[in-house]
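# Chain and residue survey
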Amino acid sequence: LLGENRRWDPPLIGTVKCNIHSNWRNAKLQSGGAFMIRDHRGDVLHHAREAFTFSPDRLTSELRCLEWALQSMKDLGYQDVVVGSDLHDLISAVMRQVNWPRYRAILSRVSTLCLSFPSVAFESESASSNGIAREIAKSVLRDGRFQSYLAMVGPAWLHQQIFREANLI
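Residues numbered from 1 in each chain as written. Predicted model: local features only at pLDDT ≥ 70, side-chain atom pairs only at ≥ 80, totals over all residues. Heavy atoms only, no water.

## A few points about the overall build of the protein chain
Regarding its fold elements, the protein chain presents five helices and seven strands. Each helix (α) and strand (β) of the protein chain, taken in turn from the N terminus, gives the series β-β-β-β-α-β-α-α-β-α-β-α. Counting the 169 residues in the protein chain, one finds 50% classified as buried. Pairs at least 24 apart in sequence give 71% of the contacts found in the protein chain among residues at least 6 apart. Total accessible area on the protein chain stands at roughly 8200 Å², and carbon and sulfur atoms take up 54% of it. (Helix = DSSP H or I, 4+ residues; strand = E, 2+ residues; numbered from the N terminus. Buried < 20%, exposed > 50% of the residue type's maximum accessible area, 1.4 Å probe, protein only. Contact = heavy atoms within 4.5 Å. Areas by Shrake-Rupley, 256 points an atom, 1.4 Å probe, with all protein chains shown as cover.)

Structure, rendered in structure tokens:
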């Protein structure tokens with residue numbers, strides 16, 4: 001576990017960084033999830049959006065997003081990964097599962113997925129350093145974008161923000 005990043009921080013060469021976010025409003029609505037995978041230069045390798053069915057709380061929604069992102073990275077053949085999230089409880093739950101018994105089932109699935117990678121690290125992000133994943137996730141509920149997708153490169157409507165982050169402007 002690394003400290004909170006105030007700006008997007010690239011991973012080491014040979015490692016990819018996957019920023020995740022789940023936009024949860026309440027237990028009666030779907031949640032929007034997103035991840036963005038970038039290399040050490042800040043170049044977007046893959047990004048995705050998903051709509052999740054009802055989750056009782058924000059942490060459940062974020063854990064479902066994490067499970068989906070890890071499974072996707074496994075399926076895409078990534079090896080050494082860093083996962084960045086701005087929900088501090090998510091990082092805490094993954095790192096100290098015994099303190100979060102309510103989420104035991106999903107945390108067990110997350111742990112099993114983590115074993116699929118030679119190395120997995122988790123970084124606590126600020127809202128600003130996780131801004132792109134947040135924007136994609138928000139678009140699910142805000143814009144009614146319930147169609148999931150997986151794509152290469154970054155979404156055109158966020159190219160300027162991705163460029164700024166990658167070049168640390």
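## With respect to the packing of aromatic side chains
Enumeration according to the criterion identifies three aromatic pairs in this entry. Look at phenylalanine 35 and tryptophan 68: their rings are 4.8 Å apart centre to centre, the planes differ by 55 degrees, and that puts the pair in the tilted class. Here phenylalanine 35 is found in strand β3 (residues 31–38), whereas its partner tryptophan 68 is found in helix α1 (residues 58–76), with 33 residues between them in sequence. Tryptophan 68 shares its class with phenylalanine 35; the two are buried. Across the ring face of tryptophan 8, the terminal group of arginine 38 is positioned such that the distance to the ring centre comes to 3.9 Å. (Phe/Tyr/Trp six-rings, centres within 6.5 Å; stacked < 30°, edge-to-face > 60°. Lys NZ or Arg CZ within 6 Å of the ring centre and 35° of its normal.)

## Thoughts on the pairing of β3
Regular strands place side chains that alternate from one sheet face to the opposite one. For β3, a buried count of eight out of eight residues is recorded, marking the element as mostly surrounded by other parts of the structure. Both faces of β3 are covered, namely the face carrying Ser31, Gly33, Phe35 and Ile37 and the face carrying Gly32, Ala34, Met36 and Arg38. As paired elements, strand β2 (residues 16–23) and β3 share seven bridges and run antiparallel to each other. Counterpart to cysteine 18 in the pairing with β3 is isoleucine 37. Bridging between β3 and strand β4 (residues 44–52) involves eight bridges; their strand directions are antiparallel. Residue pairing in the sheet places isoleucine 37 in a bridge with histidine 46 of β4. What sits between β3 and β4 in their antiparallel hairpin is a turn of five residues, with glycine 42 showing a positive phi close to 90 degrees. (Pairing = 2+ DSSP bridges.)

## Quick word on the pattern of salt bridges
As a working rule, side chains carrying opposite charge can pair if their charged atoms are close by. As enumerated under the stated definition, the model contains nine salt bridges in all. Across the pair arginine 41 and aspartate 43 runs a salt bridge, and its minimum N-O distance is 3.1 Å. Assessed through its relative accessible area of 37%, aspartate 43 is described here as partly exposed. Put simply, aspartate 57 and arginine 102 hold a salt bridge, and the shortest N to O gap is 3.2 Å. Note that aspartate 57 is positioned in the loop between β4 and α1 and arginine 102 in the loop between α2 (88–95) and α3 (104–114), a separation of 45 residues in sequence. Shared partners join several salt bridges into a network, and the residues in it are Lys17, Glu123 and Glu125. (Salt bridge = Lys/Arg side-chain N within 4 Å of Asp/Glu carboxyl O.)

## What about the state of the cysteines?
Taken as a whole and assessed by the stated rule, the structure comprises zero disulfides. The closest cysteine sulfur to the non-disulfide-bonded cysteine 18 is located on cysteine 65, 8.0 Å from its own sulfur. (Disulfide = S-S within 2.5 Å.)

## Observations regarding the side chain of serine 55
With respect to the helices and strands, the residue serine 55 is situated in the loop between β4 and α1. On the basis of relative accessibility, which here comes to 2%, the residue serine 55 falls in the buried class. Within the local environment of serine 55, its side chain forms a polar contact with the side chain of arginine 64, the two groups lying 3.0 Å apart. (Polar contact = N/O pair within 3.5 Å; in protein donor to acceptor, adjacent residues only side chain to side chain.)

## Some details on the nonpolar core
Counting 32 residues, the largest nonpolar core has Ile20, Leu66, Leu70 and Met73 as the members making the most contacts within it. Sorting the residues of this core by element identifies β2, β3, β4, α1, β5 (80–85), α2 and α3 as the ones contributing at least two each. The element best represented in this core is α1, accounting for eight residues. With near-sequence residues (within four places) excluded, methionine 73 lies in contact with Cys18, Ile37, Tyr78, Val81, Val83 and Phe117. Within the second largest apolar cluster, six residues are counted, among which are Met36, Val44, Ile132 and Ile136. (Core = buried A, V, L, I, M, F, W, Y, C linked by side-chain atoms within 4.5 Å.)

Read these as geometric descriptors, not functional statements.
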